[in-house]
Amino acid sequence: MTEDALTDAAALTRLRAAPSTTALGAGTLLRLLRDGRPRTRSELAGATGLARSTVTQRVDALLASGLIGPAGEAVSTGGRPPTTFSFRPRARVVLAADLGATHARLALTDMAADVVAETRADLDISLGPEPVLDWVIERGRALIAEADRDVSELLGLGIGLPGPVQHSTGRAVNPPIMPGWDGFDVPGYVGERLAVPVLVDNDVNIMAIGEHHTAWPTASHLMFVKVATGIGCGIVSEGRVYRGAQGAAGDMGHIHVATGADKPCRCGNTGCLEAVASGAALAAALTEEGVPAAGARDVVELARNGSVPALRALRQAGRDIGEVLAASVNMFNPSVIVIGGALALAGDHLLAGVREVIYQRSLPLATEHLNIVSSEAGEGAGVIGAAVLVIEHCLSPEHADRLISGTA
């Protein structure tokens, strides 16, 4: 069996295993074509086991939707060369919003999650859901217009929020820094105004998705740690985000650490990792030492300018984070740990502290092939992940069939 045939067979196995209301519809052909390799009708029939006439009907539906297009002719084995077809990622666009505690980043991407246009703003999440989401909607419409696209071409909108999110409903649940957001129907509010699917998740989960898509697409088990105003972790297991029973998985910022002593945390407990190693905690500690810092960005700037107290604080923060991650390495056994967020922009000092403790405290078998690295997607990880969240949902075989038929 050829490598291409093996790839098709593996993809088809996953498609057949996934729950769907339609059996091998046009969405299934679309999933096969999304890998970028052009295929003929005969190749699609061979990969799916569908009759040639059925494949022709579904290819015609995909062509009519604009999601695929002709990609030239295959090599002839005698007679007229057959036409090949490929996925057209720019046929639709996606809006992706990464909302932090004090900032907002909004991007317009194609269906390969490649950024077409983007904008950022200082935006306080504590303003409440309506003002913040209205900004997303208004700026989103503007980005679409600036890219010379139409709202009718919008596939969907993905949003990352800086707090716990019930993924099934898209509602924030008791978010500590988001007054007015608890239980707010984000998908309903935005979807009513844009008339597209709206998917919402925790900001660290979408960053984990973005990093996995950008730099580690073949990694089955990845942990993305965001170290900024707060500390959180997104977990990718078997290629999917692991959210836990209530969507609270990965909230490592509220695990107790020895250096925390009795330091109060915003969650109401004392000694949490976030109380000693977050950007806010480091800024407060440096200010007490006579080195003024208002937040994570100031800590990064100080470190880049060679401030010894800032560099020392970052190294210790890395050790504290590493203490929590060492237990996670033994429990979860990831192949990749990615350190991202605002504090990760300060250089290698934070990362060095993390590595130091993990390799010291974790079992050798668990660290034998472990990569502990800085984020490659950087500040764009969140919007890329939010876009991927929408793309994978809307172009899944079940939902794609409705999109293609015009009933989505």
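Residues numbered from 1 in each chain as written. Predicted model: local features only at pLDDT ≥ 70, side-chain atom pairs only at ≥ 80, totals over all residues. Heavy atoms only, no water.

Quick word on the overall build of the protein
- Per the secondary structure count, the protein includes 15 helices and 15 strands.
- The C-alpha radius of gyration of the protein comes to 23 Å, within 12% of the 22 Å expected for a compact globule of 408 residues.
- Projected onto the principal axes, the alpha-carbon positions of the protein cover approximately 80 × 50 × 40 Å.
- Out of the 408 residues in the protein, the part that is buried amounts to 51%.
- Contacts in the protein between residues far apart in sequence, at least 24 positions, make up 60% of those at least 6 positions apart.
- Carbon and sulfur atoms form 51% of the exposed surface of the protein, whose accessible area is close to 18,100 Å².
- Charged side chains in the protein number 33 positive and 44 negative. The centres of these two groups are separated by 6 Å. (Helix = DSSP H or I, 4+ residues; strand = E, 2+ residues; numbered from the N terminus. Rg over C-alpha atoms; globule rule 2.2 N^0.38 Å. Buried < 20%, exposed > 50% of the residue type's maximum accessible area, 1.4 Å probe, protein only. Contact = heavy atoms within 4.5 Å. Areas by Shrake-Rupley, 256 points an atom, 1.4 Å probe, with all protein chains shown as cover. Lys, Arg positive; Asp, Glu negative; His and termini not counted. Charge placed at Lys NZ, Arg CZ, Asp CG, Glu CD.)

Considerations on the pattern of salt bridges
- Under the defined criterion, the tally for this structure stands at 19 salt bridges.
- Of the charged contacts, one joins Arg 90 and Asp 110 as a salt bridge, the two residues approaching to 4.0 Å between their closest N and O atoms. Note that Arg 90 is positioned in the loop between β3 (83-87) and β4 (93-99) and Asp 110 in the loop between β5 (103-109) and β6 (115-122), a separation of 20 residues in sequence.
- Given the relative accessible area of 49%, Arg 90 is considered partly exposed.
- Linking Arg 120 and Glu 379 is a salt bridge whose minimum nitrogen-to-oxygen distance equals 4.0 Å. (Salt bridge = Lys/Arg side-chain N within 4 Å of Asp/Glu carboxyl O.)

A few points about the state of the cysteines
- Following the criterion strictly, the structure yields zero disulfides and no others.
- A disulfide-free cysteine, Cys 265 has its sulfur positioned 3.8 Å from the sulfur of Cys 267, the nearest such atom. (Disulfide = S-S within 2.5 Å.)

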